[in-house]
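Analysis of the macromolecular model
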Amino acid sequence: MERREALRLMGAASVFSVLSSDLFAATLRAQLAANKGSAPRTLSPAQNEIVVAMSDIMIPATDTPGAKTATVNEFIDLILTEWATEEEKKIFLEGLAETDRKTNALFGHGFTAASAKEQTAIVQAFDEELAASRNEELPKQAHPWELTLLLPFFAQMRRLTLVGYYTSPIGQDQELKVEIIPGALHGCVPAEPEVKQ
Amino acid sequence: MSSVKKPETYDAIIIGSGMTGGWAAKELTEKGLKVLVLEAGRPIEPDRDYVEHVPISEMKFRGMNDRRETLKNQPIQRTCYACDEWASKFFVNDTENPYTTDPEKPFAWIRGRQVGGKSIMWARQSYRWSDLDFEANARDGNGADWPIRYADIEPWYNYVEDFAGITGQAEGLPQLPDGHFLPPMEMNCAEIAVKEAIARQFGRERVMTIGRAAILTQTHNGRAPCHYCGPCHRGCITRSYFSSVNATLPVAEKTGRLTLRPYSVVHSLIFDPQTRRVTGVKVIDGQTHKALEFQGRIIFVCASTLESTRILLNSATPEFSTGLANSSGVLGKNLMDHIMGGGADGIIPGFLDRVQFGNRPNGIYVPRFRNVSSKEKNFLRGYAYQGQAEREGWERGIHQSGFGESFKNSLRRPGPWKMTFHGFGECLPNPANFVEIDKERVDAWGVPVLKIHCEWRDNEKALLHDMMIQAAEMLTAAGAVEIQPYEPNNPPGLTIHEMGTARMGADPKKSVLNKHNQAHDVKNLFMTDGACMASSSCVNPSLTYMALTARACDYAVSQMKKGEL
């Protein structure tokens, strides 16, 4: 059901309230926009380029835009600047340096200068390394539910890329087609036909 | 809802505007009383404050919460699942609202200070207690016997359900009486399969039913049905779930007899030893910090379990040196909360061509089956499960391997069905779990704070362990794979079902309140929130608080009319 149709069914009085919520959202949007497009605050231009390239290899453009268009790099810079601990940030920035070292060792130049095929090989190596270490004991946490980035670099990168992409307007509206107001509940209905792979 | 007038004397003062304060406001104003509601926190305007439809893409930290801010100002509140990036504004600032505990015995005191209190963020599960609960203390000798039985409260369950609107499915179980239900919400494919498997294995001993919740599945008393957006704890602009802001306070407001005063932090009650009545309330203005006084003929303390008891403890007089209305000495004692979270999850194979449409703000429920007809060797009383099945979302990709186009395409589709059971276990009343005033600390308004002494004991721990085993057993019966059992070490308080500390009872020497929630020692003083509970059941308590409040209001007004109050 279209959101507008759902609102119509909910009655006129409610619509005003939704508009107010929209107003709240618009205010937030304006605040976010104020930060948009400005230079990254934690990542250097070179580090930022690695993040852009790597995130877009992980979630590329398909029939919907990928991580680069969804500006996942800006989300990652925000998290490093206003959310992460110093220790978590250090792991991430060191991971970017390691990315360049790995690429240099294999291909004789840095990650952003590498071809798409070379970059994919590097990401593949990180992914296999992480998979191999998944069964190892994670750092002890006071609260198991606590969201932490005290993780190996590529686990950080993986989490932040996925969160940054799937919670972006592109991820929510185009990729996942999330409906904020479904307007009905049906417990067990046929899934929509499989998308073309 | 924010008319502020300089008060004369009110017929009734209600402290708190949440679940029970809202009910008291509705009942007393409808019965003709001129009522003042004192709320410690700020006003709530749904159009301005509710945020349930704000998309995650509009949130600055995309649902990861403002970690630094909450670590600084809400280190306790943030441990509650509902204190998320949208709804954290409905939870208190812990630095302004301190309390203390024994260092090795944490207690998570989760609080909401605003008009509506925690009724804004509550989980809406609404179940009747039964005589299995009301007779529990008498049967095994823990705590003091309840002064009421199911027959006393049944008409009041009917009454509050008819107003609030409770969705649910009648099951005819003696341990979980059916109510006046609105149509049930649908179970999804995997839940139906699990329900049928449990029925095959356990017969009528274990029954899985759809959750009973204070959410409208059809238009009810002028409120619109649920539109299935999901996150009720962020508010509801269609007022489809029950809260005082959505339901009771607007009715009280319409009578023209309600004065609602936000920013009114109650310091203590004023007791007159001559008349042996409370005559009024000492208040600190939340914004100006000015001391104020309000007068009332009767006073309903509905500030939440521990805040209500704190007010009485802070109202000590020469006669009641350990707290007002505490001739019994049990004020502050027998704090309880449900021990929560023992359980398991597992993947239910199949149904991959089926989905659930709509975000159902309600789960499934497995009523208590331990010590109902059986008699367990390892523990007294029992537990119930809440849970749900859902298809995993894109988040599963965080813990998988792979990347690129095929990975992205795989995450576009939902993952397998995962079924979860988590238990809620009864906590025995124990006088060694208690609160007192910490003489060393005051809050941001200069009001002395609580020191909370509470820990899980052997019976609760045995329940938690059994919850885990039996959840895994039910999943096994349902053919689940990758079953993960758990037995988490949650601190008491985190379930937010804190109860007791001013219990009801027939004997004034052993209880604070009588069978009408009226203080034995002070006839015009009533407490109807969780503080009054003599035992904890394993059943979610809010519906019982509502029923007890409406019942106490009826009694109080009838006594006033007879000239007894």
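So, a few notes on the structure that sits alongside this text.

What counts and how
- Residues numbered from 1 in each chain as written.
- Chains lettered and ligands numbered in written order.
- Predicted model: local features only at pLDDT ≥ 70, side-chain atom pairs only at ≥ 80, totals over all residues.
- Helix = DSSP H or I, 4+ residues; strand = E, 2+ residues; numbered from the N terminus.
- Buried ≥ 20, exposed ≤ 12 C-beta atoms within 10 Å, placed from the backbone.
- Expected span 1.5 Å × (residues − 1).
- Pairing = 2+ DSSP bridges.
- Contact = placed C-beta atoms within 7 Å.
- Axes fitted to C-alpha atoms, helices over the stretch in contact; angles between N-to-C directions.
- Core = buried A, V, L, I, M, F, W, Y, C linked by C-beta atoms within 7 Å.

Peptide bonds are mostly trans, and most non-glycine residues show a negative phi. Residue and element names in this part refer to chain B. A positive phi is found at Tyr228, a non-glycine position, where the angle reads about 60 degrees. Note that Tyr228 resides in the loop between strand 6 (209-210) and helix 8 (244-254). For Tyr228, a count of 22 C-beta atoms within 10 Å corresponds to the buried category. For His289, which is not glycine, the phi torsion reads 65 degrees and is therefore positive. Structurally, His289 can be placed in the loop between strand 9 (277-285) and strand 10 (291-301). In this structure His289 comes out as exposed when scored by C-beta crowding, with 11 C-beta atoms within 10 Å.

So, about helix 7 (residues 153-166) of chain A. When the terminal C-alpha atoms of helix 7 of chain A are compared, their 20 Å separation across 14 residues agrees well with the 20 Å that a helix rising 1.5 Å per residue should span. Counting buried residues in helix 7 of chain A gives 14 out of 14 residues, a clear majority hidden from the surface.

Moving on, we get to the pairing of strand 8 (residues 264-272) of chain B. Residue and element names in this part refer to chain B. Across eight bridges, the pairing between strand 8 and strand 9 is antiparallel. Across the sheet, residue Leu269 finds its bridge partner in strand 9, namely Val281. Hairpin connection from strand 8 to strand 9: four residues lie between these consecutive antiparallel strands, with Arg276 at a positive phi of about 60 degrees.

Below, the discussion takes up the sheet that holds strand 3 (residues 100-101) of chain B. Residue and element names in this part refer to chain B. Across the sheet, three strands lie side by side as 3-17-16; this open sheet has mixed pairing. With one partner strand each, in any of the chains shown, strand 3 and strand 16 (434-442) form the two edges of the open sheet. Where strand 16 lies against strand 17 (residues 448-453), six bridges are found, and the strand directions are antiparallel. Considered in strand 17, the bridge of Asp438 is made with Val449. Contacting strand 16 and strand 17, helix 9 (residues 305-313) crosses the sheet at an angle of about 65 degrees to strand 16.

Bringing the nonpolar core into the picture now. Core analysis: the largest hydrophobic core is formed by 166 residues, its most contacted members being B:Ile13, B:Ile14, B:Ile15, B:Val35, B:Phe300 and B:Ile348. Those residues within four positions of B:Ile15 in sequence are excluded, and the remaining contacts are B:Leu38, B:Val266, B:Val281, B:Phe300, B:Val301, B:Cys302, B:Ala303 and B:Ile311.

Our focus in this paragraph is the environment of A:Lys89. Looking at where A:Lys89 falls in the secondary structure, it is placed in helix 5 (residues 86-107). C-beta crowding within 10 Å serves as the criterion here: with 17 such atoms nearby, A:Lys89 is assigned to the partly exposed category.

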